[in-house]
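Results of the structural survey
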Amino acid sequence: LAVCTDRVRLGTMVSDVSLRHPAMLAKQAATVDCISGGRLDLGIGPGDNIREELDALGLPSLTPDARVDRLREGIGVIDRLLRDQQVTHHGEYFRLNEAPLAPAPLQRPRPPLTIAAQGKKGLRVVAERADVWVSALWAKTGDEALQGVRARNQLLDEYCAAADRDPGTIQRACFVGWSDCESPFVSRAAFQDFVGRYRDAGIQRFVFSFGSVETPGPYSKWVASGAWVNRARLESFAAQEIKDLQGPDR
């Protein structure tokens, strides 16, 4: 993708720090940033306790709080590596001894960090480190999803203020497609209404997922819940609505 495109931003939504050692993830990120000419957005998340993944890799099952602690530590390693190129770190979850990073990423001081967080503890990590915060629509109804995003957005503002950081320096993104509580692609009016409501709640970026998984597995149900939008419909909206929303200068 990096060598076949010129303008589109590239990245993951999001990489799991339990499945990818932060030093190796930083190395991969720097490589993609170089290949793409500086177009990487690095997305990182705390990971889930998916039994099949943990058993396959021999990883421990952690509580939600512990997963956020691991996320904070992993992001600290990644941030330092992408900025300083060499890190020694002896933490609870990761250990590095003069770990190098070469070549350095093209974007300075480092590629933008997108951090996924839903809970209070994770939002504190976002306030500390993120350039972009991404939230998912996990709810039974559209009203519950919207209220949840608005509440988390306001809480993030409070944590930024407590950390003496301008809340406006963190862009707000919403991941749509792993829950059927919202159906923005039913019609043009539904899409415009969806985007308008979430923009009013503070969302600046939208990430739309589509498709389904035919092979049974831990993610099949979640990804399949986004099957209400197929590729043709998504491309149609991308060519019309999303282009109009961005405006002629973007």
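Structure: above.
Notes on the structure follow. (Residues numbered from 1 in each chain as written. Predicted model: local features only at pLDDT ≥ 70, side-chain atom pairs only at ≥ 80, totals over all residues. Heavy atoms only, no water.)

Moving on, we get to helix H6 (residues 188-200). Between its first and last C-alpha atoms H6 spans 18 Å; for 13 residues at 1.5 Å apiece the expected length is 18 Å, and the two agree. When we look at burial in H6, the residues that qualify are Phe 191, Phe 194, Val 195 and Tyr 198. Each buried residue of H6 lies within a common arc of 90° when the element is viewed along its axis, so the set occupies one face. Residues Ala 189 and Asp 200 are exposed on H6 and point more than 90 degrees away from its buried face. Two residues or fewer after H6 comes Gly 202, characterised by a positive phi angle close to 110°. (Helix = DSSP H or I, 4+ residues; strand = E, 2+ residues; numbered from the N terminus. Expected span 1.5 Å × (residues − 1). Buried < 20%, exposed > 50% of the residue type's maximum accessible area, 1.4 Å probe, protein only. Arc of directions from axis to C-beta.)

A few words on the nonpolar core. Grouped together as the largest cluster of nonpolar side chains are 34 residues, with contacts concentrated most on Leu 42, Ile 44, Leu 81, Val 126 and Leu 156. Counting only elements with at least two residues in this core, the list comes to helix H1 (22-35), strand E3 (40-45), helix H3 (64-84), strand E5 (95-100), strand E6 (113-116), helix H4 (120-129) and helix H5 (142-162). No other element matches H3, which puts seven residues into this core. With residues up to four places along the chain from it excluded, the contact list for Leu 42 reads Leu 25, Ala 29, Ile 78, Leu 82, Pro 112, Leu 113 and Thr 114. Ranked by size, the runner-up nonpolar core spans 17 residues in total, among them Leu 137, Cys 174, Phe 194 and Phe 208. (Core = buried A, V, L, I, M, F, W, Y, C linked by side-chain atoms within 4.5 Å. Contact = heavy atoms within 4.5 Å.)

The pairing of strand E8 (residues 171-176) with strand E9 (residues 205-208) spans four bridges and is classified as parallel. Residue Ala 173 lies in a different strand from E9, and its bridge partner there is Arg 205. (Pairing = 2+ DSSP bridges.)

Attention shifts here to the packing of aromatic side chains. For the structure shown, the criterion picks out five aromatic pairs. With 6.4 Å between their ring centres and 50° between their planes, Phe 194 and Phe 208 make a pair best called tilted. With Phe 194 in helix H6 and Phe 208 in strand E9, this pair connects stretches of sequence that are 14 residues apart. For Phe 194, a relative accessible area of 1% gives the class buried. The exposure class assigned to Phe 208 is buried, which follows from its relative accessible area of 18%. One aromatic cluster is present, formed by Phe 191, Phe 194, Tyr 198, Phe 206 and Phe 208 through successive ring pairs. (Phe/Tyr/Trp six-rings, centres within 6.5 Å; stacked < 30°, edge-to-face > 60°.)

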